[in-house]
Amino acid sequence: MRIVVLHGQLHKGSTYNITKLFLDNLSDENTEIIEYFMPKDTPSFCIGCFNCFTKGEEQCPHAEVVQPIVKAIEEADLLVLESPCYVYGMSGQLKTLLDHLAYLWMPHRPHPKMFSKVGLVISTAAGAGTKKVTKALKDNLFYWGVAKIYRYGKNVAASSWETVKPEKKRQIEKEVIKLASRISKQIGKTKPGIKTKAIFQVMRMSQKINDWNPTDREYWLQKGWLDSSKPW
Ligand SMILES: Cc1cc2nc3c(=O)[nH]c(=O)nc-3n(C[C@H](O)[C@H](O)[C@H](O)COP(=O)(O)O)c2cc1C
């Protein structure tokens, strides 16, 4: 099994430590874990050139940084996206990477392997905001086509992992173990739900009449998705 983790921060605080707890509970000796840390691995800001949409992802001015991450994502069984809550949102450095992956959304060119993957999104906040962060991270995975997505958000009432109360850490550990066991059962076995299937169907209809982006349309044509074939 292969796990790819996109960490929304470089430091090892509460969000990292909770993610690590998940990884420890989800992996065994046969698990390969590939981790990217933002902003160390963040590309430059998206400049809005639309090259990825209209000319192909390799024409992005930041393709050299972005594409190796995309290749790793494509080969993962489990995708983990995590970020501390910064002013009710994910960290800017993670958002910058995700902006570069807009072409992978279902209205454009979703990768066929996404539809059998499992996702996990994690966030911590001092007091409020993890729902917004995990929702935004989940939306990204969902529109890439990821079949089953789990959310874990925690208000840690602290600015560092060291200052999180021991009682809260014990509660977190219990919750993580329980959720990790549910996630494990889905890896390698999951299929997309009705919402993904419905949106894919709408996108298929949209691509059939697409006269605004030949790159997207050609992709759908080549995959056979303009007929009745499906990626799952
Ligand atoms: C720039 C910044 C913005 C923050 N915004 C929020 C916020 O909107 N809501 C909140 O409850 N905590 C907020 N916090 C606190 C962190 O989300 C919280 O301490 C989190 O657990 C830190 O995770 P980390 O230890 O992984 O860095 C903010 C912290 C920083 C540095």
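The present account deals with the structure reproduced in this document. These figures come from a predicted structure and were not determined experimentally. (Residues numbered from 1 in each chain as written. Predicted model: local features only at pLDDT ≥ 70, side-chain atom pairs only at ≥ 80, totals over all residues. Heavy atoms only, no water.)

What follows covers unusual backbone geometry. Note the cis peptide between M38 and P39, where omega equals 5°. Mapped onto the elements of the fold, P39 is located in the loop between strand 2 (32-37) and helix 2 (51-54). Notably, F50 is not glycine yet its phi reads approximately 70°, a positive angle. Here F50 lies in the loop between strand 2 and helix 2. Judged by relative accessible area, which is 51%, F50 ranks as exposed. Of note, A157 is a non-glycine position whose phi angle comes to about 55°, a positive value. For A157, the position within the fold is in the loop between strand 5 (148-155) and helix 6 (166-186). Judged by its relative accessible area of 61%, A157 is exposed. (Helix = DSSP H or I, 4+ residues; strand = E, 2+ residues; numbered from the N terminus. Buried < 20%, exposed > 50% of the residue type's maximum accessible area, 1.4 Å probe, protein only.)

So, about the pattern of salt bridges. Summed over all chains, the structure comprises 9 salt bridges. Between K40 and D41 there is a salt bridge, with its nearest N and O atoms 3.3 Å apart. Judged by relative accessible area, which is 17%, D41 ranks as buried. E75 is the salt-bridge partner of K113, the closest N and O atoms lying 2.9 Å from each other. Here E75 lies in the loop between helix 3 (63-74) and strand 3 (78-84) and K113 lies in the loop between helix 4 (92-99) and strand 4 (118-125), a separation of 38 residues in the sequence. Judged by its relative accessible area of 38%, E75 is partly exposed. Connected through shared salt-bridge partners, E57, R109 and D216 make up one network. (Salt bridge = Lys/Arg side-chain N within 4 Å of Asp/Glu carboxyl O.)

In short, the description is geometric, and any link to function would need to be established separately.
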